[in-house]
Amino acid sequence: MSPDTATALAHPNIAFIKYWGNRDATLRLPANGSLSMNLGRLYTRTTVIWDENLTEDSLTLNGAAVSGPALQRVSAFLDLIRAQAGRRGGARVVSETNFPPGAGLASSAAAFAALTLAATHAAGLELDAVALSRLARRASGSACRSIPGGFVEWQVGTGDADSYAISIAPPQHWALVDLIAIVSAEHKSVGSSEGHALASSSPFQAARLADAPRRLDLCRRALLTRDFEALAAIVELDSDMMHAVMMTSTPPLCYWQPATIAIMHAVRAARARGMAVCYTIDAGPNVHVLCPEAERQAARALLTGIAGVQQILESEPGGPARLLPNRL
Ligand code: DP6
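These numbers come from a predicted model, not from an experiment.

(A) Representation of the packing of helix H2 (residues 107-122) against helix H3 (residues 129-139) in the model. Contact geometry of H2 with H3 gives a least axis separation of 9 Å together with a crossing angle of 125°. When the interaxial angle is binned, H2 and H3 end up oblique. The chirality of how H2 crosses H3 is right-handed. Contacts from Phe112, Thr116, Leu117 and Thr120 in H2 reach Leu132, Leu135, Ala136 and Ala139 in H3. Of the residues contributing to the contact of H2 with H3, the split by class is 6 nonpolar, 2 polar and no charged.

(B) Geometry of the state of the cysteines. All chains considered together, the criterion is met by 0 disulfides. There is no disulfide at Cys219, and the cysteine sulfur nearest it, in Cys278, is 9.3 Å away. The thiol of Cys291 is unpaired, and the distance to the nearest cysteine sulfur, on Cys278, comes to 8.8 Å. Overall, the relative accessible area of 0% leaves Cys291 in the buried class.

(C) Here's a closer look at the environment of Arg45. As for its position among the elements, Arg45 is in strand E6 (residues 44-51). Residues Arg45 and Asp227 lie 182 residues apart in sequence; the distance between their C-alpha atoms is 33 Å. Within polar-contact distance, the side chain of Arg45 engages the side chain of Glu96 at 2.4 Å.

(D) Just unusual backbone geometry, in detail. Between Thr250 and the following residue, Pro251, the backbone shows a cis peptide bond with an omega angle of -5°. Note on placement: Pro251 falls in the loop between helix H7 (228-247) and helix H8 (258-272). Look at Arg28: it is not a glycine, yet its phi comes out positive at around 50°. By the secondary structure assignment, Arg28 is in the loop between strand E3 (22-24) and strand E4 (29-30). With a phi angle near 50°, Asn62 is a residue other than glycine that sits in the positive phi range. When its relative accessible area of 42% is taken as the criterion, Asn62 is described as partly exposed.

(E) A look at helix H9 (residues 296-304). Of the residues making up H9, those classed as buried are Arg296, Ala299, Leu302 and Leu303. Projected down its long axis, H9 carries its buried residues within an arc of 125°, all on one side. The exposed set on the far side of H9, more than 90 degrees from its buried face, consists of Gln297, Ala301 and Thr304. Buried-residue contacts for H9 involve strand E12 (176-182), H8, strand E14 (287-292) and strand E15 (311-315).

(F) Summary view of the nonpolar core. Ranked by internal contacts, the top residues of the largest apolar core, which has 30 residues, are Val48, Trp50, Leu78, Ile81, Val93 and Leu115. The set of elements that each furnish at least two residues to this core consists of strand E1 (5-10), E6, helix H1 (69-85), strand E9 (90-97), H2 and H3. The greatest single-element share of this core, amounting to 8 residues, is contributed by H2. Among the nonpolar cores identified, the runner-up in size contains 28 residues, and Ile14, Ile180, Cys219 and Ala232 belong to it.

(G) Broad picture of the pairing of strand E7 (residues 58-61). Note that E7 and E9 share 4 bridges and pair parallel. Counterpart to Leu59 in the pairing with E9 is Val93. Here 3 bridges tie E7 to strand E8 (residues 64-66), and the two strands are oriented antiparallel to one another. Looking across to E8, one finds that Leu61 is bridged to Ala64.

Criteria and thresholds
- Residues numbered from 1 in each chain as written.
- Predicted model: local features only at pLDDT ≥ 70, side-chain atom pairs only at ≥ 80, totals over all residues.
- Heavy atoms only, no water.
- Axes fitted to C-alpha atoms, helices over the stretch in contact; angles between N-to-C directions.
- Helix = DSSP H or I, 4+ residues; strand = E, 2+ residues; numbered from the N terminus.
- Parallel < 35°, antiparallel > 145°, perpendicular 65-115°, else oblique.
- Left-handed = near helix turned anticlockwise from the far one by under 90°.
- Contact = heavy atoms within 4.5 Å.
- Nonpolar A, V, L, I, M, F, W, Y, C, P; charged D, E, K, R; others polar.
- Disulfide = S-S within 2.5 Å.
- Buried < 20%, exposed > 50% of the residue type's maximum accessible area, 1.4 Å probe, protein only.
- Polar contact = N/O pair within 3.5 Å; in protein donor to acceptor, adjacent residues only side chain to side chain.
- Arc of directions from axis to C-beta.
- Core = buried A, V, L, I, M, F, W, Y, C linked by side-chain atoms within 4.5 Å.
- Pairing = 2+ DSSP bridges.

What follows is the structure, given as structure tokens:
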């Protein structure tokens, strides 16, 4: 195996307590701590080949060459690794994903977590999980949460050195299921990075941040004690608070479609009838419906009956980012 090549796989994650806003955009130091679950059924698998003879980096995603801002973002991140490893030349990055990118499914989290692991390993850097998570954070904030496995907390930290994610429970801790109701698979018009920069323009952001430690505590406790009712209440509150900030930013952001709202109402009504389900929504129109394994079929049937639901992806909790045998 060539030491200049490595392949890694990482899962996306769904935030139960959301990251929205940075206190330092360059270092991607978040305005608040966040908590998430890796999605084991979904993955991005990335191979990196460093080559001293290349003058530019290249990126292939699902067989198609990528250029423009997406490649520039990857290249800027690879610059950090080049500096850390003392490398010259370019990298070939070949990536595959088994879920639709850009649809609010935290595709950048899986992509940059896999890239961080593959690119550093291929460059000869042997980083531990903390160093990997810190580095992935620089590429995409939520990517730092796709480095550890299972249920993960990203500590807000005081600076670059202590703002990273750790696993607070393994995937086997709780058989939760995330049913992702796709109401639109189109690429979102305003990406998360732009959205984070707008967060502080909302008069609600300060209140959201002031209350974040309380929500994190409640969520962590609900998770560790497998208390679904408590989890549902705090997860929905946190999602609604983030979207309230988005909608009251200047300019305002509203990611919801009519079907998004229909699902929110249906989930709330089902829970009032006794079904263990709750919703959470990232920076897109699709809705993540969480439930215990025992409710999977009922929750699926609920979503199938709602107009505008085009597809339902399903996932159980997933493991950490990991190296794979080389593929190229
Ligand atoms: C709404 O991690 O995608 O999904 O750091 O700019 O890449 P960048 O942002 P990103 O933001 C995720 C925002 C969110 C909430 C969350 O996953 O916590």
